[in-house]
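# Descriptive structure summary
If you want the building blocks of each chain, they are given just below.
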Amino acid sequence: MIILFANKFRYIYPSTAPLLALLYCLHTRSLSPCVKPINWNTSHGFVRKSPLLSLLERCKSLLQLRQIQAQMVLTGLIDNSFAASRLVAFCALSESRALEYCTKMLYSIREPNVFSWNVTIRGFVESGELEGAVMLYKRMLRCGVLKPDNHTYPLLLKACSCPSMNCVGFTVLGHVLKFGFELDIFVHNASITMLLSYGDLEAACDVFNKGCVRDLVTWNAMITGCVRRGLANEAKQLYREMEAEKVKPNEITMIGIISSCSQLQDLNLGREFHRYIKEHGLELTIPLNNALMDMYVKCGDLLAARVLFNNMAHKTLVSWTTMVLGYARFGFLDVARELLYKIPEKSVVPWNAIISGCLQAKNSKEALALFHEMQVSKIEPDKVTMVNCLSACSQLGALDVGMWIHHYIEKHNLFLDVALGTALVDTSVCLYSDKEARPFLSYVVDLLQNQNQPWLECWTPMLNDFMAWFYTLLEEEALCKELPRTAQIRLVSSHQEVYEPCDDSFALVDALLADRNNLLEHHPTLCMEIGCGSGYVITSLALILGQEGCGVNYIATDINPHAVRVTRETLEAHGVGAELIVTDIASGLEERLAGLVDVMVVNPPYVPTPEDEVGVEGITSSWAGGENGRSVIDRILPVADRLMSEKGWLYMVTLTANNPSEICREMRKKGYASKIVVQRSTEEESLHIIKFWRDFDTEVNETDQSASGFIGSLLTQIPLFSYWRGTSSDNKC
C-alpha cells in the first residue's frame, strides 16, 4: 500500500515533467513589460483659447496643479465640467498621478461629466487598483444622473479580468447587455478578453461566434486566449478562419500563432509563419523575435534560434533566458553556462531557466551544482528556484538539499502556492523510505494543515489523502502491518500482439485505488472490463476489492484472442476467477448484461490515427482510435449506458486530444454526472481518468440549452443591478 500511495502521489502531483513544462512555457512571462507613460494631454480648441487650461497642459507636478486649480476657483472656471475634467485627467493619468486627490476632486465637482468618471476609473485600472475602479463605477451608478458609456465598460471589463473578480465581471457584463453596448466593438473585444482571462473559452467562443462585430483585436484576443490555455490546434484553426475572412495579421497575431507552433512543436509550420513575416514586411519587434526564438528552441532548431539571437540589436533578459534554457535543455551545458555569465544584468530568471533545462535533460546533479553556483554568485533564489531544486531532490533522493529548502522556506516565509506546495508533496513522497526524512515529512504535513489559501480548497481531497497516507505510513512502521500491494502484480504471461501495461493502465488502477473506500461501500455484484489486454486492470480491481469484495463477479472482454489468453493466465496466477469472452466491445452480451454492471473499467484505443487502422488485426487495434481518437470511444459509450445498472460507475481513460469535456457533455445528455479522478502528464500525452455515474438530476433539455446560449444566461445577472445602484435610485453623490 505504501508503494501504491507513493506512485499515486508522484502522478497526482507530477513534479518534474509538468512543472518544468510550465516553467519552460511561461519563463518569458516572468518579466513585467515596460509600461509607457499615458498621454493625458489634449489639443481641444477650448484648451488652446484658455490661458489657464493651456498652462495646465504643461503642468509637471501636483504642486503646480494646485496653484492652477486655485486660479480656476477664483475665476469660476472650475464650474465648467470640461475644464474641471482636465484637472481630473492630470491627477489620474500623468506621471505625477495622485489617485486619492483625483477622487476628492471628482466628488467635489458640481456636475462631473462622463469623461471625468471614465478617466478616474482608467487611472485606477492602470495603477492596478482594480477594486477602487469597481467602487468608482458603483458610485457613478448611485449618482443616478449620468449613465456609463461605451468608454466606461472596456475599462471595467479590463479591471475585472482577474479570476478572483469573476462574479463582478459577469455582473458588469450583465450591465453591458442592460445598456445595449454589446455591439460596440471595443466593449465586445473587452468582454472576450475578460472571459478568456477566467479560462472560460467556451463562453468566449460563444460571444465571438454570435457577435455581429469583429476586428483584428477580436481575432487576436481569441487566438491568444487559446494559446494561453494550451489549445494550439484551435488557435491555428482560428488563424485560418481569419485568413479566409481576409483580415491581415499584425505583430500580436504572429506572436500568438508562433506560440501555438511552439506548443505543437511543429517546426515546419513555424518556419512557414516566419517566412510570412519576412515576405509581408512585418516589423520584427523584440517580443516577436523572442517568440520566434522560443519556437525554434522548443522545436529543436537551436541554430535558427541562435541566428535570430545574434542578429538582435537589443537583447532583452527574455532573449538571453530563451537561449540559455534551449542549450541547457538539449545538453549543451557549457554553452548555456557561457551565455549565462554574459548576461549584462543579474537576475534569478536565467538561473532558473538553466536549472530547469538541466532537469528536462535528466541531469539533476548538474541542476543542484548550478544552484550552488547561483548562491556563490549572490543571486537570491525565488519560489521557482525552490520548485526546481525540489524536483532535483525528488529525482536524486537528496535529503540534505530538501531539508535546506525546507529551512529556507521557513526562514523567508515564502508564500506556498500550488507549484511549491505540489513540489513539497512530491519530494516528501519520494523520500518516504528514508527514516531521516521523517522531520521533513512532518513539516510538510503541518505546513499544509496550517495554510489557508484558496488553491488548497480545490486540492483538499488529494491533500487529505496525502496526510492520511503519511499517518498510515507511521502506523504501518509501528505495527509492521503487511498490506496487499496491487502495484506488484505479476504478469505471468505475455504475447507480442498484446498491449502491455503502460502509463494509461497504471493511471486507471491508481484511480480505482484512490476510490477504493467508495468501491467497497458501493458493494458491486458485477464488475466488467471492456478491452482487457494483459489483464492488469481487471486483476488489480479484484485485488483492490479483496476479501471485502467477496461475492463479486468479474467479466472481461477483448477482440484479441491472445489478450484473452494472457488475461486468463494473469488472473489465475493471482487466484482471481472471471468470465473471459472474445468479442468486439460487448457484442452478444448486451441483452444478457443489460442494467447489471455495477463497475465498468475501460482503457479504450484512444490514440488519434487514420480511420483505416481502427479494428485491424494485431496489436495496432489496442491503441488505434481513428480521428481524434474517438472512433472506438464513441461506440463504447452507448454500450456502457445500456449495460450499467442504476448505481453503475464507469471509469474510462481518455487523452486530451479526445476532448474529454465533450465526452462528459455527451454523457450528461444521457443522465450521467462525471469528474476527472486522475490527471497525468507524460512526455508524449496528457491522460484523464474520468468517472461517470448515473445522476438523473443532470439531464439537460438540449433544445432549451441551444436556444439560450451563454449570452442569454448572462441576463440572469441583471437583477444584481439593483444591488449595485443601492436601495434607492434617488441616492445622490
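If you're wondering where the values come from, they're calculated on a predicted model, not measured in any experiment. (Residues numbered from 1 in each chain as written. Predicted model: local features only at pLDDT ≥ 70, side-chain atom pairs only at ≥ 80, totals over all residues. Heavy atoms only, no water.)

## As for the packing of aromatic side chains
Let me state the cut-off plainly: Pairing of aromatic rings covers Phe, Tyr and Trp, the last through its six-membered ring, and needs centres within 6.5 Å; plane angles under 30 degrees mean stacked, over 60 mean edge-to-face, and all others mean tilted. Where helices and strands are cited, they refer to DSSP runs of H or I of at least four residues and of E of at least two residues respectively, numbered from the N terminus. Each residue's exposure class comes from its accessible area (1.4 Å probe, protein chains only) as a fraction of the maximum for that residue type: buried when under 20%, exposed when over 50%, partly exposed otherwise.
Evaluated as defined, the whole model comprises eleven aromatic pairs. Taking the centre distance of 6.3 Å and the plane angle of 45 degrees together, the rings of Tyr-107 and Trp-117 count as tilted. Of this pair, Tyr-107 sits in helix α7 (residues 99-108) while Trp-117 sits in helix α8 (residues 114-126); the two residues are ten residues apart in sequence, bridging distant segments of the chain. Residue class for Tyr-107 comes out partly exposed when judged on its relative accessible area of 35%. Judged by relative accessible area, Trp-117 falls into the buried class, the value being 2%. With centroids separated by 6.4 Å and ring planes inclined at 35 degrees, the aromatic side chains of Tyr-153 and Phe-179 adopt a geometry described as tilted. Remark: Phe-179 occurs in helix α11 (residues 166-179) and Tyr-153 occurs in helix α10 (residues 152-159); sequence separation between them is 26 residues.

## Concerning the confidence of the model for the protein
Inclusion rule: pLDDT measures how confident the predictor is about each residue, on a scale from 0 to 100. Between two residues, a contact is recorded if the distance between any of their heavy atoms is within 4.5 Å.
Scored by pLDDT, the protein has a mean of 78; 75% of the residues are at 70 or more. Looking at the elements of the protein, mean pLDDT is at its lowest for helix α1 (residues 2-12), recorded as 37, and at its highest for strand β4 (residues 597-602), recorded as 95. Note that pLDDT drops below 50 for residues 454-462; the model gives that stretch 14 contacts with residues more than four away or on any other chain. Low pLDDT, under 50, characterises residues 698-733; the predicted model gives this stretch 57 contacts beyond four residues in sequence or across chains.

## What about the packing of helix α16 (residues 251-264) against helix α17 (residues 267-279)?
What counts is decided by this rule: To get an axis, a line is fitted to the C-alpha atoms, and for a helix only the part in contact is used. The angle between two axes follows their N-to-C directions and goes from 0 to 180 degrees. Roughly parallel means an angle under 35 degrees; roughly antiparallel, over 145; roughly perpendicular, 65 to 115; everything else is oblique. Left-handed is the label given to a crossing in which the near helix is rotated counterclockwise from the far helix by less than a right angle, and right-handed is the label when the rotation is clockwise. Under the convention adopted here, Pro, Cys and the residues Ala, Val, Leu, Ile, Met, Phe, Trp and Tyr are nonpolar, Asp, Glu, Lys and Arg are charged, and Gly plus all remaining residues are polar.
Remark: α16 packs on α17, axes separated minimally by 9 Å, with the N-to-C direction vectors making an angle of 160 degrees. Looking at the two axes, α16 sits roughly antiparallel to α17. Judged by the sense of rotation from one axis to the other, the crossing of α16 with α17 is left-handed. Residues Met-254, Ile-257, Ile-258 and Cys-261 of α16 touch α17, and the partners they reach there are Leu-269, Gly-270, Phe-273, Tyr-276 and Ile-277. By residue class, the composition of the contact of α16 with α17 is eight nonpolar, one polar and no charged.

## Notes on the nonpolar core
As a reminder, the rule being used: Buried Ala, Val, Leu, Ile, Met, Phe, Trp, Tyr and Cys residues that are joined via side-chain atoms within 4.5 Å together make up what is termed a nonpolar core.
Of all hydrophobic cores here, the largest spans 101 residues; its most connected members are Met-254, Ile-258 and Ile-354. Once residues within four sequence positions are removed from consideration, Ile-258 is found in contact with Phe-273, Ile-277, Leu-288, Ala-291, Leu-292 and Met-295. Membership of the second largest hydrophobic core comes to 63 residues, among which are Leu-513, Ile-555, Leu-571 and Trp-649.

## Digging into unusual backbone geometry
With a phi angle near 60 degrees, Lys-378 is a residue other than glycine that sits in the positive phi range. Mapped onto the elements of the fold, Lys-378 is located in the loop between α23 (364-376) and α24 (383-396). A positive phi angle is found at His-523, which is not glycine, with a value near 50 degrees. Note that His-523 resides in the loop between α30 (516-522) and β1 (526-530).

## What to know about the packing of α10 against α11
The interhelical angle for the contact between α10 and α11, taken along N-to-C directions, is 165 degrees, at an axis separation of 9 Å. One finds that α10 runs roughly antiparallel with respect to α11. Relative to α11, α10 is oriented so that their crossing is left-handed. On the side of α10, the interface is formed by Tyr-153, Leu-156 and Leu-157, while α11 contributes Gly-169, Val-172, Leu-173, His-175, Val-176 and Phe-179. Here the residues of the contact of α10 with α11 are counted per class, giving seven nonpolar, two polar and no charged.

## Points about helix α35 (residues 660-669)
Formally: What the arc measures is the spread of directions leading from the helix axis to the C-beta atoms.
For α35, the full list of buried residues reads Pro-660, Ile-663, Cys-664 and Met-667. Projected onto a plane normal to the axis of α35, the buried residues spread over an arc of 100 degrees and lie on a single side. Looking one or two residues past α35, Gly-671 carries a phi angle of roughly 95 degrees, positive in sign.

## Some remarks on the pattern of salt bridges
Where side chains of opposite charge bring their charged atoms close, a pairing between them can arise. The condition that has to hold: Salt bridge, as used here: a side-chain nitrogen of Lys or Arg that lies within 4 Å of a carboxyl oxygen of Asp or Glu.
In this structure the tally under the stated criterion is 23 salt bridges. Between Glu-100 and Lys-104 there is a salt bridge, with its nearest N and O atoms 4.0 Å apart. With a gap of four residues between them, Glu-100 and Lys-104 both fall in helix α7, about one helical turn apart. Classification of Glu-100 as exposed rests on a relative accessible area of 57%. Between Arg-337 and Glu-373 there is a salt bridge; the shortest N-O distance is 3.0 Å. Here Glu-373 lies in helix α23 and Arg-337 lies in helix α21 (residues 333-340), a separation of 36 residues in the sequence. Taking relative accessible area as the criterion, Arg-337 reaches 19% and is therefore assigned buried. Put simply, Arg-122, Glu-126 and Lys-158 are held in one network by salt bridges that share partners.

## A look at the pairing of strand β5 (residues 644-655)
To be explicit about the condition: Any two strands are treated as partners once DSSP identifies two or more bridges connecting them.
Taken across its twelve residues, β5 has ten buried, putting it largely inside the fold. As judged from the five bridges shared by β4 and β5, these two strands associate in the parallel manner. Counted as the bridge partner of Met-600 is Leu-650 from β5. Of the pairings in the sheet, the one linking β5 to strand β7 (residues 686-694) comprises seven bridges and is antiparallel in character. Counted as the bridge partner of Leu-650 is Phe-692 from β7.

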